[in-house]
Every structure is written in structure tokens, then in C-alpha cells.
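# Coordinate analysis (summary)
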Amino acid sequence: MKSDTGALDALLSEDRRFPPPADFSAAAVVRDPEIYRKAAENREVYWAEWAGELDWFEPWHTVLEWSPPHAKWFLGGRLNVSHNCLDRHLSGARRDKTALLWEGEPGDVRRYTYQQLHAEVCRFANALRGLGVEKGDRVTIYLPMIPEAAVAMLACARIGAIHSVVFGGFSPESLADRNNDAKSKVLITADGGWRRGGIVPLKANADEALRDSPTIEHVVVVRRGGELSEKVATGLQDGRDHWYHDLLAGASPESEPESMDSEDILYILYTSGTTGKPKGVVHTTGGYLTQVYATTRAVFDLKEDDVYWCTADVGWVTGHSYIVYGPLANGATVLMYEGAPDTPDRGRFWDICQRYGVTVFYTAPTAIRAFMRWGDQWPGRYDLSGLRLLGTVGEPINPEAWMWYHRAIGGERCPIVDTWWQTETGAIMITPLPGLTDTKPGTAALPFPGIEATILDNNGEETSAGYLAVTSPWPSMLRTVWGDDDRYRATYWSRWPNVYFPGDGAKRDQDGYLWILGRVDDVLNVAGHRIGTMEVESALVDHHAVAESAVVGKSHDIKGQSIAAFVTLKEGFEGTDALEEELREHVGRKIGAIAKPELVIFSADLPKTRSGKIMRRLLRDIAEGRTVGDTTTLADPAVVARLQKMYAEEE
Ligand code: PRX
């Protein structure tokens, strides 16, 4: 285990407890603790009850078929996700309720009622059909945080096309890799988007990616509008590129939703793993929608008049499950914001909360730590009394940040739900229920009712400190890795028989609460984003000056982890500051800015075993400034002292 035991002991001696406020509990969506017992008694009946709250064109005949490691949920059932997120809200008062409330970074605002969002989605669904997109075809979405991102996802879902959303911060090369792996037929992008007062040139990046994306037949370009569109000259290539608004102008606002089998694929989402190649996590329809619907409702305690804001980007799974599918399936009012939290100043998020009366707010620990660093004066300027529930996701939250969130944002009155889950799990798995669970700073508490998770050791024995494990299938679990079922089996199901291995370390306390300690594999969590060390290493050795590299994570006050790269250069190259910057830029170009190493240490050699294996454990110790562990297996033990010295000079 990588975790530092000292820090762990400090965490586990955390004895502050926050029972749900009585008035919150009294009105909570879930307020009967029996839910845990009922779910455990018969999980299939329990999940079927949630599924029954959705609209099905055809009922299922079997709740679960578990043929490890493959699960199918709600077999025989037919439904459509966009129908569940839109059409079924149109018959009553929700028709004119705000579905999407969007603010651009420059301050432009758009609102869509459920009826308007339905019409826009139908128009775009028809337009996609007009471009020849059929059920099962893949469509890549590479958009900024604008309403069209949600519209595009829902339009794909409507016609049964499989979307693959690629985060707008990824480089052209990463985009091309994803287009090619999925063999996407259509790419949906925009001229650009605003970020921290600057423009992210998405169409220019897309054009670069398209030079190496032979399967893409059509490109749809959203004009972001306003000043941005005036600044970005977007050339359209005849026959291939189409303006989104032109396609919509002639399209009908009615479109029959495709009747999808419960196990038809809804989307692919690429995520980093322990090899150089990101994997396409596959999610299907009925089980996925059931669990995102259920968790959004129960964990975020959604009520009809809530204004719900999840600050994630739609390019990540949190955006898929908790900006688009979960909240819209619940008929919620969803706030979406395009830009940075510190533009035009560090009060932007709180200004948004005040102006729109946000009631439920879901963000990441990395953001909370930045807010904490910026100081109380920023939230202090705004009226945040409308907030009633706070959430966090993406990495372990340190108790200090939790307490700050509780006090400075939650006014000591809002429960905090610390939700553990992953791209692969599709939906929240471990979390407090805000009306029932006493929370403690730093723990995601208990498995959601109907989820079976525990802690196992290497031999698959229950233990109180070891690896987190999910011991039975859940509705929104990934079904496979796109095009690579062997990798699916090897990554998630080979540690123990028929038990899912998420790749996280965990501890259980005396109350049975689960404390997630972070990744135990070669996956980093930088500002809540997953980055594989192998991906960064591949990008570095791709540079002509680099012979070898080893990448490790290093604790970072705000980002949780940052990237440290140890690099051995080829003969004739010198480790200058200029080369360091060049390598950083190179990684940015290959993967995206989020993967740029913070620290590059040039070294003539790396600590290796006699069989030539790089000992990352030692590099992690060096990067953390810790006492370096056992070096007796090293081919050249002196290399560690040399590296420590260089590292100290570099920092
Ligand atoms: O290490 C865990 C951490 O984020 C990983 C999943 O990353 P990703 O697939 O990008 O999804 C992030 C958003 C769901 C996990 O393996 N993680 C996520 N939530 C928490 C967490 N670690 C501790 N506490 C959490 N609440």
C-alpha cells in the first residue's frame, strides 16, 4: 500500500461527527433507515423498484443475469434514455419548468424549459439521422460546457447512437486516438469555448485531429456565439463540416425515440489506466439509468424546486451521470456554468449560487482546497443561505477542507455527501444518505443501499485495511472495455474471483465507515482527474531527446497530487531549463495540459532492480521527501542518493 500510515492514523482518529439536522431528516427523500436492510434482503427486488420509477416501452422479464465477470440488468426491457430525461416530464407542470439554466463565462445566460430542451434535442436527433447516423454508430462529442453538450448527448441517446465525449482540454492527438479507437462516424465540436478569459480553440484542435481520424465522415460545429465567434475564424470544409444552427434550422422539433434494449450501449467514455492507452469504458442503458436516477434522487435529496449545480465538466463521468442523465431523469433544474471559478474574480461560484438560488452544490476537493486558500472573504460577500446540501467527489477529501466547506459554504447547516465512485462504476457507490447518516470529515461512509462493498486483502480475505472491493454486480457497472474484453477481465476481475477491484486502498473504522485512501495502482489523481503514469511516460519518451522516463505522483496542497517526471536523456542532450519546458509542452501536446509534469528531474540513471525494472516505490519516496525504503535489491544503490540530491536542488 502506498499510503502514508501517519496521515492515515490522523484520519482515523477523526472523531468529529455531524448528525443530519433534524429538519433536514424530517423532510428528506430517504428518511427510513430500513432502506439498508430491505435492499440487503433482496437486492434485485430493491433495484427493480427503482427501475420501476422510469418509463419502459417494454417491461423486463429478468432483473439480473450474472455470468461473471459479465452482468446484464433488466433483461428484455426496452426504454430510451432521452425519453426518460425529457418526454416523460412534458405531460404535467414540469413542461414549463427550467431544465437547463446555463451561464457562459462572459456572463451570457440561456434557459431551456423541459419543452424547449425536448424540441432542441429532437431537432438535433433528426439532423444526426439526416447525416446518416444510425443506431449503434459512434459519435464523438468535443465541446465546451455549453448547453449543446447536453443536447448532443441526449440526441445521440434518442437515436441510439453511442456517444464518446472527449474532454475539451484534451489535445488533438488524444482526440484522434479516441476517434479511431471508437471508429466514430461523426464529430461534434464548437468554434471554441471560454476559459479564464481566454479561448479554447476547439475547432482548430479538431481540424488537427481530423487529419488522422479517417472514420469521421461529418463534423458538426456549434457557433459558441458572441465575441468568441467573432474572434475565432472557423473555416468549414465543404461536404464534411456543417454548422449546428444550419442543421437545426430545417429540422423538425419532433423525433421518435429509438426503442433500446436495456443492454444496448448508451456511451463509451475513455479513462486512464495503468497502460499507455486509455480504455473505453462501456455503459449500457437500463441499469445505468436506474442507478444514476436512484442515486441522484436519494443522495442529493432532490425536491421539485431545487436548483442543482454540479461543477464538473461534461467531459468526465461526473458530468455524464450528475449533470445530464441523473438530474434530468429526475426532472430537476440543472445549472451549468461554462468557465473558471476565478473569472472575473474568485467569488464567481458564490455569485452564481446567490443569483440563481442554488440549493444543492456538488464539487471536487481540489476546488474546495483552492477556495479555502483564496479565503473566507470571497464566499463571505454573497448570500449562500439558499444552499441546503453539499457534495464532493473525485478524490479523498482532507478533514480540514471538509470542515472549511461545512463552515464557510454550508453555514454549518448543510449536510455534506462525500461520494465515492468511478468512471467504471457509472454512478455513486459509497456515500452518506444526507437525511440518515452521521457524517465524519474525510470518509464517504457507507455503501449506497443495494451496493455490496468491503475491504479485502491480497488473498480475498476480509480485513479492516487493504483494498476496496465490490462484491456483487450493480446496475450501472461498466459492461466491458470497448473492443478489449480481455483488458476488462484483467484490470477489474483478476485480483479475486468474481469480485470487482476498483484500484483503491481503504480502511474501515469502528462504525463500519469506509475511508478511501487513494489509488494503489499506477494511476494518479491530479486535481480530481485520472492520469496514468504510463501515458505520461509514453508521451515523454516520444520526445527525440528522451531515452527513458519514470513518472510518479507527489502530494500537492491544492491538486491532491501533481506529476513528477524522472527523465534520462539520450547521449548528446543536456538537461537545461529550456528542455524541461519543451518536455512539459510536449506532454501537453500529446495528452493535454492536465498531464504536464510539474517537476522534471534529469538523471543519468534511474533506480532499477538487477533485472532492469524501475523501482517506482523509491521514486515516490524521493518525490515525497520521505525516508527511502529498502534499496538492497537495486543494481546500483548509490543512484538513490544522487537522485535525492538532484531532487532537493530542483525543488
Ligand atoms: O481513487 C478514487 C477517486 O477517483 C477515482 C475514480 O476516478 P474517475 O474514474 O476519474 O471518477 C471520478 C469521479 C467519479 C477512484 O478510483 N475518488 C473518487 N471519488 C472519491 C475518490 N476517492 C476518495 N473519495 C471519494 N469520494
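Residue positions are counted from 1 within each chain, in the order its sequence is given. Reporting of local features is limited, given that this is a predicted model, to residues whose pLDDT is at least 70; pairs of side-chain atoms are given and counted only at 80 or more, and all residues count toward the totals for whole chains, interfaces and linings. In computing side-chain properties, one takes all heavy atoms of the structure into account and sets aside hydrogens as well as water.

Put simply, DSSP marks the helices as runs of H or I at least four residues long and the strands as runs of E at least two long, and each gets a number from the N terminus on. Helix and strand counts for the protein chain stand at 22 helices and 30 strands. Relative accessibility under 20% of the residue-type maximum defines a buried residue, over 50% an exposed one, and the middle range a partly exposed one, all with a 1.4 Å probe and only protein chains included. Burial status across the protein chain gives 62% buried among its 651 residues. Calculation of accessible area relied on Shrake-Rupley with a 1.4 Å probe; when residues are assessed, cover is drawn exclusively from the protein chains displayed. Total accessible area on the protein chain stands at roughly 23800 Å², and carbon and sulfur atoms take up 48% of it. In this charge count, Lys and Arg are treated as positive and Asp and Glu as negative; neither His nor the chain ends contribute. Taken as the charge centre is NZ of Lys, CZ of Arg, CG of Asp or CD of Glu, depending on the residue. Measuring between centres, the 69 positive side-chain charges of the protein chain sit 0 Å from its 92 negative side-chain charges.

Two elements in contact, helix α19 (residues 533–541) and helix α20 (residues 577–590), have axes whose closest approach is 9 Å; the angle formed by their N-to-C orientations is 115 degrees. The handedness of the crossing between α19 and α20 is right-handed. Contacts between α19 and α20 involve Val 536, Ala 539 and Leu 540 from the former and Leu 583, His 586, Val 587 and Lys 590 from the latter. Residues are grouped as follows: Ala, Val, Leu, Ile, Met, Phe, Trp, Tyr, Cys and Pro are nonpolar; Asp, Glu, Lys and Arg are charged; all remaining types, including Gly, are polar. Class assignment for the residues of the contact of α19 with α20 results in 5 nonpolar, 1 polar and 1 charged. Between the N-to-C directions of two axes lies an angle of 0 to 180 degrees, each axis being a line fitted to C-alpha atoms and, for a helix, fitted only over the stretch in contact. Crossing handedness: left-handed means the near helix sits turned counterclockwise from the far one by under a right angle, and right-handed means the same turn made clockwise. What makes two residues a contact is simply this: any of their non-hydrogen atoms within 4.5 Å.

Turning to its location among the elements, Lys 440 is positioned in the loop between β20 (416–419) and β21 (453–456). What Lys 440 contacts, discounting residues up to four positions off in sequence, is Arg 16, Arg 17, Trp 402, Asp 509, Asp 511 and Tyr 513.

Turning our eyes to something else, we now look at the layout of surface pockets. Roughly 440 Å³ of volume is contained in the second largest pocket. Here a cavity is any set of points on a 1 Å grid over the protein atoms alone where a 1.4 Å probe fits but cannot get out, and a pocket is any open set with protein on both sides within 12 Å along at least 5 of 7 lines; a residue lines the site when it has an atom within 4 Å of a point. If you go around the second largest pocket, you meet 29 residues; those closest to its centre are Arg 495, Phe 501, Val 520, Asp 521 and Asp 522. For the lining of the second largest pocket, the leading source of residues is helix α18 (residues 485–492), giving 4 residues. Residues that form the lining of the second largest pocket fall into these classes: 8 nonpolar, 8 polar and 13 charged. For the domains described, the bounds stem from an automatic or database domain assignment. Each of two domains, domain 1 (22–504) and domain 2 (523–650), supplies a minimum of three residues to the lining of the second largest pocket. Grid points are joined across faces, edges and corners, and a volume is the space filled by probe spheres set on the points.

With that out of the way, let us pick up the domain arrangement of the protein chain. Partitioning the protein chain into domains gives domain 1 (22–504) and domain 2 (523–650). Facing 24 residues of domain 1, the contacting portion of domain 2 comprises 22 residues. Two parts placed together each lose some accessible area under a 1.4 Å probe, and the buried area is that loss summed for both. Carbon and sulfur atoms supply 47% of the area buried between domain 1 and domain 2, which totals about 1700 Å² over both sides. Salt bridges are defined by distance alone: a side-chain nitrogen of Lys or Arg within 4 Å of a carboxyl oxygen of Asp or Glu. Along the contact surface separating domain 1 from domain 2 lie 3 salt bridges. Between Lys 590 and Glu 173 there is a salt bridge, with the nearest N and O atoms lying 2.5 Å from each other. Contacts described as polar in this section are N or O atom pairs within 3.5 Å, which, within protein, must combine one atom able to donate a hydrogen with one able to accept it, while residues neighboring in sequence count only if both atoms come from side chains. Joining domain 1 to domain 2, the criterion identifies 15 residue pairs in polar contact (both at pLDDT 80 or more). Among the elements of the structure, α8 (172–182) and α15 (365–374) are those that each provide at least two residues to the side of domain 1 that touches domain 2. With 4 residues, the top contributor of residues to the side of domain 1 that touches domain 2 is α15.

Aromatic pairs are defined between Phe, Tyr and Trp rings, using the six-membered ring for Trp, whenever the two ring centres lie within 6.5 Å; interplanar angles under 30 degrees are classed as stacked, those over 60 as edge-to-face, and all others as tilted. The full count for this structure, using the stated rule, is 40 aromatic pairs. Plain terms: the ring middles of Tyr 337 and Phe 349 are 6.0 Å apart, the flat faces sit at 90 degrees to each other, and that makes the pair edge-to-face. With Tyr 337 in strand β17 (residues 333–337) and Phe 349 in helix α14 (residues 348–356), this residue pair connects regions lying 12 residues apart in the sequence. In terms of burial, Tyr 337 and Phe 349 fall into one category: buried. Plain terms: the ring middles of Phe 349 and Phe 361 are 6.3 Å apart, the flat faces sit at 75 degrees to each other, and that makes the pair edge-to-face. Of this pair, Phe 349 sits in helix α14 while Phe 361 sits in strand β18 (residues 360–363); the two residues are 12 residues apart in sequence, bridging distant segments of the chain. The exposure class of Phe 349 is buried, given its relative accessible area of 6%. Among the aromatic side chains, those forming a connected cluster through ring pairs are Trp 309, Tyr 337, Phe 349, Trp 350, Phe 361, Phe 371 and Trp 374.

Our next topic: the site of the ligand. Neighbouring residues are identified by heavy atoms, a residue being near a molecule or strand if any of them is within 4 Å of it. Around the ligand, the structure places 17 residues, and the nearest of them are Asp 418, Thr 419, Thr 423, Asp 504 and Arg 530. Within the side chain of Thr 423, one N or O atom sits 2.6 Å away from an oxygen atom of the ligand. In this structure, an oxygen atom belonging to the ligand sits 2.9 Å away from a side-chain N or O atom of Arg 519. Taking 550 Å² as the accessible area of the ligand by itself, protein coverage stands at 96%.

This part takes up the pairing of strand β11 (residues 218–222). For β11, the tally of buried residues reaches 5 of 5 residues, placing the bulk of the element in the interior. Of the two faces of β11, the one lined by His 218, Val 220 and Val 222 and the one lined by Val 219 and Val 221 are each fully buried. Whether two strands pair comes down to DSSP finding at least two bridges between them. Summarising the sheet, strand β8 (residues 186–190) and β11 pair through 5 bridges and their orientation is parallel. Looking across to β11, one finds that Ile 188 is bridged to Val 220. Looking at chain direction, β11 and strand β12 (residues 241–243) are connected through 3 bridges and run parallel. Each residue of the ladder has a partner; that of Val 220, found in β12, is His 242.

So, on to the sheet that holds β11. The strand order across the open sheet built from 8 strands is β12-β11-β8-β6-β7-β14-β15-β23, with neighbouring strands paired in mixed fashion. Two strands lie at the open edges of the sheet, namely β12 and β23 (480–481), each paired on one side alone.

Under the criterion given, the structure shown has 50 salt bridges. Salt-bridge contacts for Asp 301 lead to Arg 388; the nearest nitrogen and oxygen are separated by 2.8 Å. Remark: Arg 388 occurs in the loop between α16 (377–380) and β19 (389–393) and Asp 301 occurs in the loop between α12 (286–299) and β16 (307–310); sequence separation between them is 87 residues. In this structure, Arg 355 and Asp 351 form a salt bridge, with 3.2 Å as the shortest nitrogen-oxygen distance. Here Asp 351 and Arg 355 lie together in helix α14, a separation of 4 residues that amounts to about one turn. Using a relative accessible area of 42% as the deciding quantity, one classes Arg 355 as partly exposed. Through salt bridges that share partners, Arg 17, Asp 438, Lys 440, Asp 509 and Asp 511 make up one connected network.

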